[in-house]
Amino acid sequence: GWDVPSGKQRFVWQADPKEVHSVAFFPDGKRLASGGDDGTIKIWELSKGKATQTLSGVHKEPVFALAISPDGKKLASFGFSEDLQVWDIATSKPESSVKSPDLRLDAIRFLPDGQTLAYADQDNNIVLVNSTTCEQKHIGKGHGDHVWGLDVTADGSKLFSCSDDGSVRVWSLK
């Protein structure tokens with residue numbers, strides 16, 4: 001971490017022996033999740049500067065995307081060439097798994113309802129999925145290339161996506 005006023009580095013966390021591919025803040029602002037090259041997800045207590053929880057045993061590949069539910073009780077993760085996993089933070093165990101033959105995710109995002117996840121599939125379709133039932137709903141295709149980022153408005157009415165095709169698209173959700 002950096003001390004912004006002085007510009008001095010305060011600490012560095014070694015989150016993975018090789019590479020860290022993804023990070024996501026918890027809504028409380030006190031914790032951060034990191035997804036590593038070794039397939040583990042670590043949850044860091046920022047005030048302590050150390051990992052206090054590890055989610056493992058599911059991903060065999062690097063974890064490329066993470067999302068935290070608005071209530072901080074669920075974490076969604078995607079490992080390269082694997083299914084989208086939804087974890088129960090309290091138990092450190094997987095709660096559900098979204099299986100799809102065309103998953104290649106670099107961006108996942110929980111919507112404000114805490115149950116719905118948005119992601120882009122291999123064909124750059126924007127998809128909504130219920131994190132409990134795994135029911136999926138395609139909401140459209142607009143990008144001509146890989147989708148790298150997603151974000152949603154606080155009221156859940158609009159989803160934004162960005163792509164290698166140079167565009168940012170707005171999707172109406174209500």
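Report on the accompanying structure. Because the structure is predicted, anything quoted here is derived from the model rather than measured.

### Let's talk about the sheet that holds strand β7 (residues 63–68)
Alright, step 1. Taken in spatial order, the four strands line up as β7-β8-β9-β10 in an open sheet, and their pairing is antiparallel. This sheet does not close on itself; its edge strands, each paired only once, are β7 and β10 (93–98). Here the strands of the sheet are splayed against their neighbours by 25 degrees on average, with no regard to which way each runs.
Alright, step 2. Here five bridges tie β7 to strand β8 (residues 74–79), and the two strands are oriented antiparallel to one another. Each residue of the ladder has a partner; that of Ala67, found in β8, is Ala76.

### Section: the packing of aromatic side chains
Aromatic ring pairs are defined here through the distance separating the ring centres and the angle between the ring planes.
Alright, step 1. According to the stated counting rule, one finds zero aromatic pairs in the structure shown.
Alright, step 2. Above the ring of Phe26, the side-chain terminus of Arg31 is found at 4.0 Å from the ring centroid.

### Quick notes on the pairing of strand β6 (residues 50–55)
Alright, step 1. Where strand β5 (residues 41–45) and β6 come together, five bridges link them in antiparallel fashion. Bridge assignment links Ile41 to a residue of β6, and that residue is Leu55.
Alright, step 2. Counting the residues that bridge the hairpin from β5 to β6 gives four residues, and of these Gly49 lies at a positive phi of roughly 70 degrees.

### Structural notes on the pattern of salt bridges
Alright, step 1. One pass over the structure, following the stated rule, counts three salt bridges.
Alright, step 2. The residue Arg31 makes a salt bridge to Asp28 at a minimum N-O spacing of 3.2 Å.
Alright, step 3. Residue classification places Arg31 among the buried positions, given a relative accessible area of 17%.
Alright, step 4. On the basis of relative accessible area, Asp28 is assigned to the partly exposed category, the value being 40%.

### As for the environment of Leu84
Alright, step 1. Looking at where Leu84 falls in the secondary structure, it is placed in strand β9 (residues 84–88).
Alright, step 2. In this structure, the C-alpha to C-alpha distance between Leu84 and Leu66, residues 18 residues apart in sequence, is 9.7 Å.

### A short note on the sheet that holds strand β14 (residues 136–141)
By way of backbone hydrogen bonds, the strands of a sheet pair with one another, either parallel or antiparallel.
Alright, step 1. What the four strands build is an open sheet, ordered β11-β12-β13-β14; its pairing is antiparallel. Looking at strand neighbours, the two that pair on one side only are β11 (108–110) and β14, the edges of this open sheet. Each strand of the sheet is rotated relative to its neighbour by a mean of 20 degrees, with strand direction disregarded.
Alright, step 2. Looking at chain direction, strand β13 (residues 125–130) and β14 are connected through five bridges and run antiparallel. Following the sheet pairing, Leu128 is matched in β14 by Lys137.

Calculation rules
Residues numbered from 1 in each chain as written. Predicted model: local features only at pLDDT ≥ 70, side-chain atom pairs only at ≥ 80, totals over all residues. Heavy atoms only, no water. Pairing = 2+ DSSP bridges. Helix = DSSP H or I, 4+ residues; strand = E, 2+ residues; numbered from the N terminus. Axes fitted to C-alpha atoms, helices over the stretch in contact; angles between N-to-C directions. Phe/Tyr/Trp six-rings, centres within 6.5 Å; stacked < 30°, edge-to-face > 60°. Lys NZ or Arg CZ within 6 Å of the ring centre and 35° of its normal. Salt bridge = Lys/Arg side-chain N within 4 Å of Asp/Glu carboxyl O. Buried < 20%, exposed > 50% of the residue type's maximum accessible area, 1.4 Å probe, protein only.

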